[in-house]
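# Fold and geometry: a report
Chain by chain, the residues run as shown.
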Amino acid sequence: MGRLFDFMLPEAKSPTADSTDALFHFINEVSFILLLGITISIIYFAIKYRRKSDNDVTPVIKHNTAIEITWSIIPLILSLIVFTWGYSGYLNLKSVPDNAYEIKVSAFKWGWNFEYSNGAVSPAELHVPAGRPIKLVMQSRDIIHSFFVPEYRIKQDVLPNRYTYVWFSANEPGESHIFCAEYCGTNHSAMLAKVVAHDPDDFETWLATSNTGTSDDPVEHGKSLLTLNGCQSCHSVDGSKGIGPTLKGIWGHEVTLTNGSTVTVDENYIRESILDPQAKIVKGYELVPMTSFMGILDDKEIDSIIEYIKTLK
Ligand code: CUA
C-alpha cells in the first residue's frame, strides 16, 4: 500500500502476488536509495575535488580496509536477502497445492484452448472457480509460447513435446487478461485470451452447460473443430483476407499454386493441406508456413471439416 513503485504493477488478484510484489518493491526501493546516494556523492565529489589550479596534483590513494569491507559486506547481505526471498517465492510458485483443480491448456499459433475434466473446451477463455488453487497443465501444438497473466503474477513457457505447469488462485470473481509473452510470429501480439473467475457455484453451472466440442452433425462438428484449433486466426470463413486463404467459396473451385499450376479444391486437396500444408501452397500465401495437423486431427475429424467447408458457399 502506497509503496514508491506501486504505479508499475497491475492490480494483484492472486494470494501468491503478495510475496512477488514485496520482493519487487524491496529491490526497486533499495536500488532507488543507492541511486540517490551514488548520484549525490558523485556531484559532491566532483565539486569538492575539482581541479582548482594548473598545479593541482591528484593525491596517491592508499588502501582503506574499513571502506573496502563495508562496500563488500553490505551488497553481500543485500544479495543474500534477495536470493533467499526470491528462492522461497519460486518454491511456492512451483509447489502446486494438493487440492488444486486441474485444467489443460493448449497453445498454438495464435491462440489458447482450455480443456476441463468433463471434456468441455473453451477457446480463448479460461474459466475457473474463485478461491481455489488452479493447476494448469500446458502444452504447445507448434512452437514455444508463454502463458502470462500479469494480474495473477504468473508466467510460464509453453513448449511442444513437453508439459509445463503453473498454478494460481483467483481471490474473487472477475476477469483478467492472458498474454503470450514469447515472440511466436506474425500474430504474436494478438495471441490473447482471458481468465474468467466465477463464484464456485456459478463455475459448476458453467461447466455443466458448456460445449464439449463433439456433435453428431458433421457440419457442426467441423465448425467447432475449426474454432478449437484456431484455424480462423489465419483462414476466414466469410471471404475476408487473412494470413492464409479464406475457406469461403473454395469448394469445387480451382486455385493457382506457387509453381503456377492449378488444383481443384476437393476432399484430397483439403486433406493434404491439413496434414502436409507445404505440399501445395496457394500463390501469394508462401510467406507464413502453416503447421501440420498430422497426429492432431484424425480422419473422422478431417471428414467433418470437409463437410463444413462444403457449406461455406
Ligand atoms: Cu504465442 Cu507469442
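Residues numbered from 1 in each chain as written. Predicted model: local features only at pLDDT ≥ 70, side-chain atom pairs only at ≥ 80, totals over all residues. Heavy atoms only, no water.

## Some remarks on the overall build of the protein chain
- Check the secondary structure of the protein chain and you find six helices and twelve strands.
- On C-alpha atoms alone, the protein chain measures out to a radius of gyration of 28 Å, which is more than a quarter above the 20 Å that the 2.2 N^0.38 rule sets for 313 residues.
- Dimensions of the protein chain, computed from the C-alpha atoms along their principal axes, are close to 90 × 55 × 30 Å.
- Counting the 313 residues in the protein chain, one finds 35% classified as buried.
- Within the protein chain, contacts between residues separated by at least 24 positions form 62% of all contacts whose residues are at least 6 apart in sequence.
- For the protein chain, the exposed surface amounts to about 18,600 Å²; the carbon and sulfur share of it is 59%.
- Separation between the mean location of the 26 positive side-chain charges and that of the 37 negative ones in the protein chain comes to 10 Å. (Helix = DSSP H or I, 4+ residues; strand = E, 2+ residues; numbered from the N terminus. Rg over C-alpha atoms; globule rule 2.2 N^0.38 Å. Buried < 20%, exposed > 50% of the residue type's maximum accessible area, 1.4 Å probe, protein only. Contact = heavy atoms within 4.5 Å. Areas by Shrake-Rupley, 256 points an atom, 1.4 Å probe, with all protein chains shown as cover. Lys, Arg positive; Asp, Glu negative; His and termini not counted. Charge placed at Lys NZ, Arg CZ, Asp CG, Glu CD.)

## Looking at a nonpolar patch on the surface
- A contiguous nonpolar surface patch, about 520 Å² in accessible area, is contributed by Ile69, Ile73, Leu76, Ile77, Leu80 and Ile81.
- On the secondary structure map, Ile69 appears in helix α2 (residues 65-94). (Patch = residues over 30% accessible without salt bridge, like charges linked within 9 Å, V, L, I, M, F, W, Y side chains within 5 Å. Salt bridge = Lys/Arg side-chain N within 4 Å of Asp/Glu carboxyl O.)

## Structural notes on a negative patch on the surface
- On the surface, Asp199, Asp201, Asp202 and Glu204 cluster together into a negatively charged patch.
- Along the chain, Glu204 turns up in helix α3 (residues 200-209).
- Glu204 gets classed as partly exposed once you look at its relative accessible area, which sits at 46%.

## What to know about the packing of aromatic side chains
- Under the definition given, this model contains 14 aromatic pairs.
- Centroid distance Phe5 to Phe7: 6.3 Å. Interplanar angle 35°. Geometry classified as tilted.
- Between Tyr87 and Tyr90 the ring centres are 6.4 Å apart and the planes differ by 20°, which places this aromatic pair in the stacked class. Of this pair, Tyr87 and Tyr90 both sit in helix α2, separated by three residues, roughly a single helical turn.
- The class for Tyr87 is partly exposed, based on a relative accessible area of 43%.
- By relative accessible area, which is 45% here, Tyr90 ends up partly exposed.
- Each residue in the set Tyr101, Tyr116, Phe203 and Trp206 is aromatic and connected to the rest through ring pairs, giving one cluster.
- The ring of Phe148 has Lys155 lying over it, and the distance from NZ or CZ to the ring centre is 4.8 Å. (Phe/Tyr/Trp six-rings, centres within 6.5 Å; stacked < 30°, edge-to-face > 60°. Lys NZ or Arg CZ within 6 Å of the ring centre and 35° of its normal.)

## Some remarks on the sheet that holds strand β10 (residues 193-198)
- Pairing is mixed in the open sheet, where five strands are placed in the order β4-β10-β9-β6-β7. Two strands bound the open sheet, and with one partner strand each, they are β4 (125-129) and β7 (154-158). Taking each pair of neighbouring strands and ignoring which way they run, the sheet shows an average axis angle of 20°.
- Sheet topology note: the strand β9 (residues 174-180)/β10 ladder contains five bridges and is antiparallel. Across the sheet, residue Gly174 finds its bridge partner in β10, namely Ala197. (Pairing = 2+ DSSP bridges. Axes fitted to C-alpha atoms, helices over the stretch in contact; angles between N-to-C directions.)

## Overview of the packing of helix α4 (residues 218-228) against helix α6 (residues 299-311)
- Viewed as axis vectors pointing N to C, α4 and α6 meet at an angle of 100°, and their least axial separation amounts to 7 Å. Taken together, α4 and α6 sit at an angle that is classed as roughly perpendicular. Contacts from Pro218, Val219, His221, Gly222, Lys223, Leu225 and Leu226 of α4 reach α6 at Glu301, Ser304, Ile305, Glu307, Tyr308 and Thr311.
- Taken together, the residues of the contact of α4 with α6 sort by class into six nonpolar, four polar and three charged. (Parallel < 35°, antiparallel > 145°, perpendicular 65-115°, else oblique. Nonpolar A, V, L, I, M, F, W, Y, C, P; charged D, E, K, R; others polar.)

## With respect to the environment of His25
- Tracing the backbone shows His25 in helix α1 (residues 17-48).
- Not counting residues up to four positions away in its chain, the partners in contact with His25 are Arg3, Phe5, Asp6 and Leu9.
- Within the structure, the side chain of His25 is placed 3.1 Å from the side chain of Asp6, a separation counted as a polar contact. (Polar contact = N/O pair within 3.5 Å; in protein donor to acceptor, adjacent residues only side chain to side chain.)

## So, the confidence of the model for the protein chain
- Across the protein chain, pLDDT averages 89, with 98% of residues at or above 70.
- The element-level mean pLDDT for the protein chain is lowest in α4, coming to 83, with strand β6 (residues 145-149) highest at 96. (pLDDT = per-residue confidence, 0-100.)

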